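A look at the structure
Chain by chain, the residues run as shown.
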Amino acid sequence: MASAFRRGSEALFDPSTEPRPPCVSRRPSRAMLNLHRVYEQNRQRVQQNLKDGVKVPEPIAVPHAKGKPRLLLMGQRRSGKSSISSVVFHKLPPNETLFLESTARIQKDSLNSFMEFQVWDFPGQIDVFDNPAFPFDMDAIFGEIGALIWVIDAQDDYLEAVARLNATILHLQRSYQHINIEVFIHKVDGLSDDYKLDIQRDITIRIQDELSDQGVENAPVNFHLTSIYNHSIFEAFSKVIQKLIPRLGQLEAILTNLCRTCRFEKAYLFDVNTKIYIATDSTPEDMASYEICSDYVDVIIDFTEVYGSWQRTPEWRKRLEGPPWEQKLEDQVACEWAESGMVLADAQRPIMLREVDRFLALVAIMKEGSYEKMPQINMNVDVVVKGLTEFFEITKSKMTPTAVPGGVTAVGGNGVMNGHGVVGDGR
Ligand SMILES: Nc1nc2c(ncn2[C@@H]2O[C@H](COP(=O)(O)OP(=O)(O)OP(=O)(O)O)[C@@H](O)[C@H]2O)c(=O)[nH]1
């Protein structure tokens, strides 16, 4: 077995480019044996096919999506991949994921938001690296990827999931080192805090040990504790998406400056449709603040659905602009931008929301007593929103306007308005 392992490792690792395993006398790991088995199976199949004169099937071509970052959801069956995708990107209530059917083929979702990206949900039973009958076109899958999200069910035995993840990381390290691997240790709802951390530690150690046994150091692997039943899944996706944003540092600097000038406790730039925050200021992470702001975005979105986002007929518009107001809808709003404010009852800290464009909203938690300084705060926020709009101009020009229903609705002045100045006053 030891010599077979060595032969396998010579074939799998290119000595000119790959570091050798530090100690070949060690027992081969599960991932290494797995890799070797896959290699041997493929080699024997090719030889058999050549002998039998059978034509080797062409790799399955997966259509390219040029320029769009792609998030791949992979992991064992029933680990929760489709649930994550449905809850985050399609607003499916978490309880309804109980009725989701097992995914039979790769599900591709194109999402038009502040930037266009794709989410690919892989069926748990498919191993893209070990599918000899129908080999996958690896370049088409991993060529333009933004991140690989590996979902592990923390409520189940995770050893096989970890072994498959290790094999996947080793494959990717050979040809696609740039790919960020994000491990979602999922379904942690109902687990105690200590137990969650124990599981995270155990999985991290298993992966790190395995990788360092194979001579792979500093692989880009990150870990997140997630559940669809709380905000942790949105928080984790926020971190994943943030890595895809060019010049994130500048966005963070803008928000940090705004917080300092306006004495905000925390500011987030939200993608309103998914409630993913794409940037925040540099103060330490605070889950409670994120939850409050995220719930606030939800309230505003619900308002939009009730009052603001539908297309009004010309007759309706004429009626709204007629008596007793006798002015154009655009002139009936209190301010030209969407804005909403609410004072938190517990600590007297106001929350402010301002639409940046139809996909993004700036949400900030102010400090106690800031409400009296609203004129200065508004001025500063105006400048920042203008800056952010310019920042996203390039991305915005690529968006398809039909993909997402109306902008954020805000309450203020003489009616309920959406971000583009359309008034609906309930008449
Ligand atoms: N407790 C808990 N259950 C979850 C969570 N996420 C998903 N589930 C449940 O896990 C089960 C499987 O979820 P799916 O999303 O179908 O799993 P999948 O990974 O897509 O499965 P395949 O399509 O077979 O690969 C469902 O019953 C979900 O309700 C979670 O965060 N917590």
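Residue numbers restart at each chain and count upward from 1, following the sequence in its written direction. Only residues with pLDDT of 70 or above have their local features reported here, since the model is predicted, and side-chain atom pairs are shown and tallied only from 80 upward, although totals for entire chains, interfaces and linings are computed over all residues. Note: side-chain values were computed over all heavy atoms of the structure, leaving out hydrogens and water.

With that out of the way, let us pick up the overall build of the protein chain. Helix and strand definitions here come from DSSP, where helices need a minimum of 4 consecutive H or I residues and strands a minimum of 2 consecutive E residues; each element is numbered from the N-terminal end. What the protein chain contains, in helices and strands, is 13 helices and 14 strands. Throughout this description, buried means an accessible area under 20% of the type-specific maximum (1.4 Å probe, protein chains only), exposed means over 50%, and partly exposed covers the range between. Counting all 427 residues of the protein chain, 49% fall into the buried class. Looking at the protein chain alone, contacts between residues at least 24 apart form 71% of all its contacts between residues at least 6 apart. Working note: accessible area of the protein chain is about 21200 Å², and carbon and sulfur atoms make up 53% of it. Contacts between residues were defined by any pair of non-hydrogen atoms, one from each residue, lying within 4.5 Å. Under the convention used here, a 1.4 Å probe and the Shrake-Rupley method define accessible areas, while residue burial counts only the protein chains that appear.

A few words on the sheet that holds strand S6 (residues 221–225). Pairing between sheet strands relies on hydrogen bonds along the backbone, with the strands arranged either parallel or antiparallel. Pairing is mixed in the open sheet, where six strands are placed in the order S2-S3-S1-S4-S5-S6. A single partner strand is all that each edge strand has here, and the edge strands are strand S2 (107–112) and S6. On average, adjacent strands in this sheet sit at an angle of 20° to one another, irrespective of strand direction. Looking at chain direction, strand S4 (residues 145–153) and strand S5 (residues 180–186) are connected through seven bridges and run parallel. Note on S5: the bridge partner recorded for Ile-152 is Ile-185. Of the strands in this sheet, strand S1 (70–75), S2, strand S3 (116–121), S4 and S5 touch helix H3 (residues 81–90), which is tilted by about 155° from S3. Strands S1, S3, S4, S5 and S6 of the sheet are contacted by helix H7 (residues 232–242), whose axis makes an angle of about 175° with S5. Two strands qualify as a pair provided that DSSP identifies no fewer than 2 bridges between them. Each axis is a line fitted through C-alpha atoms, taken for helices only over the stretch in contact, and angles between the N-to-C directions span 0 to 180 degrees.

This paragraph deals with the domain arrangement of the protein chain. What the domain assignment reports for the protein chain is domain 1 (70–244) and domain 2 (248–310 + 333–397). Where each domain begins and ends is defined by an automated method or by a domain database. If you average the C-alpha positions of domain 1 and of domain 2, the two centres end up 30 Å apart. Opposite the 16 residues of domain 1 that make contact, domain 2 presents 20 residues. Interface area for domain 1 against domain 2, summed over the two sides, is near 1700 Å², with a carbon-plus-sulfur share of 62%. The working definition used for a salt bridge is a side-chain nitrogen of Lys or Arg within 4 Å of a carboxyl oxygen of Asp or Glu. Linking domain 1 to domain 2 there are zero salt bridges. In the analysis that follows, any N or O atom pair within 3.5 Å is treated as a polar contact, provided that within protein one partner can donate a hydrogen and the other can accept it, and provided that, for residues neighboring in sequence, both atoms belong to side chains. The interface formed by domain 1 and domain 2 contains four residue pairs in polar contact (both at pLDDT 80 or more). Of the residues forming the side of domain 1 that touches domain 2, the biggest block, eight residues, is contributed by H7. Each residue gets one of three labels, nonpolar for Ala, Val, Leu, Ile, Met, Phe, Trp, Tyr, Cys and Pro, charged for Asp, Glu, Lys and Arg, and polar for the others, Gly among them. When its residues are assigned to classes, the side of domain 1 that touches domain 2 shows seven nonpolar, six polar and three charged. By buried area we mean how much accessible surface two parts lose on assembly, using a 1.4 Å probe and totalling the loss over both.

The element strand S8 (residues 276–280) is extensively covered by neighbouring structure, given that five of its five residues are classed as buried. Inspection of the sheet shows strand S7 (residues 264–271) paired to S8 by four bridges, in the antiparallel sense. Within the sheet, the bridge partner assigned to Asp-271 lies in S8 and is Ile-276. Connecting S7 to the antiparallel partner S8 that follows it, the hairpin turn spans four residues, and Lys-275 within it adopts a positive phi of roughly 65°.

Glancing now at the packing of aromatic side chains. For Phe, Tyr and Trp, where Trp contributes only its six-membered ring, two rings pair if their centres lie within 6.5 Å, and the inter-plane angle classes them as stacked under 30 degrees, edge-to-face over 60, or tilted in between. Following the criterion strictly, the structure yields nine aromatic pairs and no others. When the centroid spacing of 5.9 Å and the interplanar angle of 70° are considered together, the rings of Phe-89 and Phe-117 count as edge-to-face. You can see Phe-89 sitting in helix H3 and its partner Phe-117 sitting in strand S3, a full 28 residues away along the chain. This pair shows no difference in class: Phe-89 is buried, exactly as Phe-117 is. Aromatic side chains Trp-120 and Phe-122 sit 6.5 Å apart centroid to centroid with 40° between the ring planes, which places their arrangement in the tilted category. Summarising the burial analysis for this pair, Trp-120 and Phe-122 share the class buried. Aromatic ring contacts, followed pair by pair, group Phe-89, Phe-117, Phe-184 and Phe-237 into a single cluster. In our convention, an over-ring charge means Lys NZ or Arg CZ found within 6 Å of a ring centre and within 35 degrees of that ring's normal. Between Arg-70 and the ring centre of Trp-120, over which it is positioned, the NZ or CZ distance is 4.1 Å. In this structure, Lys-108 packs its charged tip against the face of Trp-120, placed 4.9 Å from the ring centre.

Any residue with relative accessible area above 30% and no salt bridge may belong to a patch, with like charges joined within 9 Å and the nonpolar Val, Leu, Ile, Met, Phe, Trp and Tyr side chains within 5 Å. On the surface, Leu-98, Phe-99 and Tyr-229 cluster together to form a nonpolar patch covering roughly 400 Å² of accessible area. The topology assignment puts Leu-98 in the loop between H3 and S2. Note on Leu-98: relative accessible area 62%, which makes it exposed.

Here we take up unusual backbone geometry. Of all residues except glycine, most have a negative phi; of all peptide bonds, most are trans. Non-glycine residue Lys-91 carries a positive phi angle of around 55°. Here Lys-91 is to be found in the loop between H3 and S2. One non-glycine residue, Arg-263, adopts positive backbone phi at about 55°. Within the element layout of this structure, Arg-263 appears in the loop between helix H8 (248–262) and S7.

Okay, the nonpolar core next. Formed by 65 residues in total, the largest nonpolar core has its most connected members in Leu-71, Phe-114, Phe-237, Phe-264, Leu-269, Ile-278 and Leu-362. Examining the composition of this core, we find that seven residues originate from one element, strand S11 (residues 360–366), more than from any other. Counting only domains with at least three residues in this core, you end up with domain 1 (70–244) and domain 2 (248–310 + 333–397). To form a nonpolar core, buried Ala, Val, Leu, Ile, Met, Phe, Trp, Tyr and Cys residues must be joined to one another through side-chain atoms within 4.5 Å. By size, the runner-up hydrophobic cluster in this structure holds 37 residues, among which are Ile-145, Ala-161, Ile-199 and Phe-223.

The next point concerns the site of the ligand. The nearness test applies per residue and asks whether one of its heavy atoms lies within 4 Å of the molecule or strand. Taken together, the neighbourhood of the ligand is formed by 21 residues, with Ser-82, Ser-83, Ser-102, Thr-103 and Asp-189 sitting nearest. Within the contact set of the ligand, an oxygen atom lies 2.5 Å away from a side-chain nitrogen or oxygen of Ser-83. Protein chains bury 93% of the 660 Å² of accessible surface belonging to the ligand in isolation. Looking at the shell around the ligand residue by residue, the class counts come to four nonpolar, 12 polar and five charged.

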